[in-house]
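Topology and contacts: notes
Residue strings, one per chain:
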Amino acid sequence: MTIQDFIEQIESEEKERRYWFVRTDNGQYYDTYLENNFIAIGWNYITVHDIVNSSEEEVKAKISQHEPQSPEQSDVSYKMKISGIYNKIVRFNDLSEGDIIVIPNEGSGSLAFGEIIQNHIYVNIDGENDCIYHKRREVKWHKSGNINSFDPHLRFIKRNMHTISEVKSFQPYIDNVLNHLYKRGEYAHYVIDVNLADNINLRAFTDLVGSIEKLSAIINANFELAEDIHSTAIKLQLQSPGNIEIISKGRNLMILAAFLSFASCTNKDDLNLDNQTKTNFESLQEEHSQVVDTCLRAFEKLETDKFELDSL
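Let me begin by describing the structure that accompanies this report.

Basis of the calculations
Residues numbered from 1 in each chain as written. Predicted model: local features only at pLDDT ≥ 70, side-chain atom pairs only at ≥ 80, totals over all residues. Heavy atoms only, no water. Helix = DSSP H or I, 4+ residues; strand = E, 2+ residues; numbered from the N terminus. Buried < 20%, exposed > 50% of the residue type's maximum accessible area, 1.4 Å probe, protein only. Contact = heavy atoms within 4.5 Å. Areas by Shrake-Rupley, 256 points an atom, 1.4 Å probe, with all protein chains shown as cover. Core = buried A, V, L, I, M, F, W, Y, C linked by side-chain atoms within 4.5 Å. Expected span 1.5 Å × (residues − 1). Pairing = 2+ DSSP bridges. Axes fitted to C-alpha atoms, helices over the stretch in contact; angles between N-to-C directions. Parallel < 35°, antiparallel > 145°, perpendicular 65-115°, else oblique. Nonpolar A, V, L, I, M, F, W, Y, C, P; charged D, E, K, R; others polar. Disulfide = S-S within 2.5 Å. Salt bridge = Lys/Arg side-chain N within 4 Å of Asp/Glu carboxyl O.

1. A word on the overall build of the chain
Secondary structure assignment for the chain yields 10 helices and 12 strands. Judged by the C-alpha coordinates and their principal axes, the chain covers about 80 × 40 × 35 Å. Looking at the 312 residues of the chain, the share that counts as buried comes to 47%. Contacts in the chain between residues far apart in sequence, at least 24 positions, make up 69% of those at least 6 positions apart. Entry remark: accessible area of the chain is about 16000 Å², with carbon and sulfur atoms responsible for 45%.

Now the structure itself:
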């Protein structure tokens with residue numbers, strides 16, 4: 001893989017997709033969803049055939065047959081209930097391949113993040129995987145953990161009380177959980193996880209930021225990018241553990257992330273880079289060994305995930 005291939009791969013992964021928060025029946029199905037790579041929705045009496053081949057009025061009529069109006073329930077409240085059930089089922093059916101799913105455990109103390117990998121519902125009527133729901137979607141899970149280990153903004157995602165809710169406003173925080181390097185619009189985002197459970201060492205932090213600034217200038221000159229690296233921004237989420245998010249226009253940051261992955265990797269043969277790129281990176285590392293070593297020592301002191309780039 002050339003550095004151009006690497007950049008194009010990162011850019012090609014930028015796509016329109018939706019973000020969803022899916023309840024797990026008070027955590028009842030959290031573990032089985034994770035272990036068996038699916039999510040599911042209830043109201044088994046509404047089949048996939050109903051969703052695909054029946055009108056909205058017909059589906060709502062069938063829901064009404066199975067969800068009778070109680071004597072104390074007003075007509076308006078009852079219609080809202082039927083519409084709510086219908087809308088949840090339709091949303092579940094409309095999930096697309098690539099959509100991101102977030103699920104909570106009991107009490108929402110933990111979250112899991114995954115991706116829909118098929119464009120259709122599959123049906124299981126045998127109660128397999130300790131789940132009574134028939135309508136299911138296949139999911140590839142990417143990450144799970146205690147909610148306090150993620151960006152504090154994600155603590156508010158659990159306020160969505162519906163069975164399935166679109167959570168587009170949480171996209172930036174979810175993206176940072178799922179990716180160490182990605183591109184959105186004009187901007188590249190490089191997310192460095194800081195796993196240090198103690199206080200953040202000021203010298204290590206300033207060494208890291210300072211060396212990254214210097215290396216950005218070196219990359220800019222070496223690859224003749226002529227980019228405005230002084231517009232680079234940084235976001236900190238350092239509650240220990242946390243992350244450092246670097247944001248920059250153009251391609252400089254993507255190349256820098258690849259270079260730091262290369263420099264910090266003990267077995268460079270494992271990296272999916274062509275020989276010319278490896279030779280170029282080796283020359284840069286030797287020529288600027290002092291600033292590179294300062295950066296790597298800061299990585300180590302902050303206990304960072306410094307080379308987790310799936311694209312390499």
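2. Quick notes on the nonpolar core
Counting 42 residues, the largest nonpolar core has Phe6, Tyr190, Leu208, Leu215, Phe281 and Phe299 as its most contacted members. Counting only elements with at least two residues in this core, the list comes to helix 1 (3–12), strand 9 (187–194), helix 7 (202–222), strand 11 (242–249), helix 8 (252–264), helix 9 (275–287) and helix 10 (289–301). Here this core takes 10 residues from helix 8, the largest share from any one element. Listed in part, the 31 residues of the second largest apolar core include Ile39, Ala40, Ile63 and Ile103.

3. Overview of helix 8
In a regular helix each residue adds 1.5 Å, so 13 residues correspond to 18 Å; helix 8 covers 18 Å between its end C-alpha atoms and thus fits that length. Of all 13 residues that make up helix 8, 13 are buried, and the element is covered over most of its length.

4. A word on the pairing of strand 1 (residues 19–22)
The two faces of strand 1 match: Tyr19 and Phe21 on one face and Trp20 and Val22 on the other face are all buried. The pairing of strand 1 with strand 3 (residues 100–104) spans 3 bridges and is parallel. What sits directly across from Trp20, in strand 3, is Ile101. The pairing of strand 1 with strand 7 (residues 164–166) spans 3 bridges and is classified as antiparallel. Note on strand 7: the bridge partner recorded for Val22 is Ile164.

5. Quick word on the environment of Ile255
Examined against the element boundaries, Ile255 turns out to sit in helix 8. Taking relative accessible area as the criterion, Ile255 reaches 3% and is therefore assigned buried. As for Ile255 and Ile7, which are separated by 248 residues in sequence, their C-alpha atoms are 7.5 Å apart. Other than its neighbours up to four places away in sequence, Ile255 contacts Ile3, Ile7, Ile219, Phe223, Leu225 and Phe281.

6. Overview of helix 6 (residues 171–178)
Counting buried positions along helix 6 gives 6 out of 8 residues, so the element sits mostly inside the fold. Restricting attention to buried positions, one finds in helix 6 the residues Gln171, Ile174, Asp175, Asn176, Val177 and Leu178.

7. Points about the packing of helix 8 against helix 10
One can describe the packing of helix 8 onto helix 10 by two numbers: an axis separation of 11 Å at closest approach and a directional angle of 80°. In terms of orientation, helix 8 and helix 10 fall into the roughly perpendicular class. Along its contact with helix 8, which presents Phe259, Leu260, Ala263 and Ser264, the element helix 10 presents Val292, Cys295, Leu296 and Phe299. Of the residues belonging to the contact of helix 8 with helix 10, the class tally is 7 nonpolar, 1 polar and no charged.

8. Some points on the state of the cysteines
Counted according to the given criterion, the structure contains 0 disulfides. Its sulfur unpaired, Cys295 is 15 Å from the next cysteine sulfur, which belongs to Cys265.

9. Looking at the side chain of Asn220
Summarising the element assignment, Asn220 is placed in helix 7. Judged by relative accessible area, Asn220 falls into the buried class, the value being 12%. Setting aside anything within four residues of it in sequence, one finds Asn220 in contact with Leu225, Ala226, Glu227, Ile229 and Asn252.

10. Side note on the pattern of salt bridges
Counted under the stated rule, the structure contains 8 salt bridges. A salt bridge links Lys62 to Asp50, with the shortest nitrogen-to-oxygen separation between them at 2.7 Å. Residue Lys62 is found in helix 4 (residues 56–66), and its partner Asp50 is found in helix 3 (residues 48–53); the two are separated by 12 residues along the sequence. On the basis of relative accessible area, Lys62 is assigned to the partly exposed category, the value being 24%. Close ionic contact of Glu186 with Lys249 constitutes a salt bridge, the shortest N to O distance being 3.8 Å. On the criterion of sequence distance, the pair formed by Glu186 in the loop between strand 8 (181–184) and strand 9 and Lys249 in strand 11 is long-range, its members being 63 residues apart. Residue class for Lys249 comes out partly exposed when judged on its relative accessible area of 37%.

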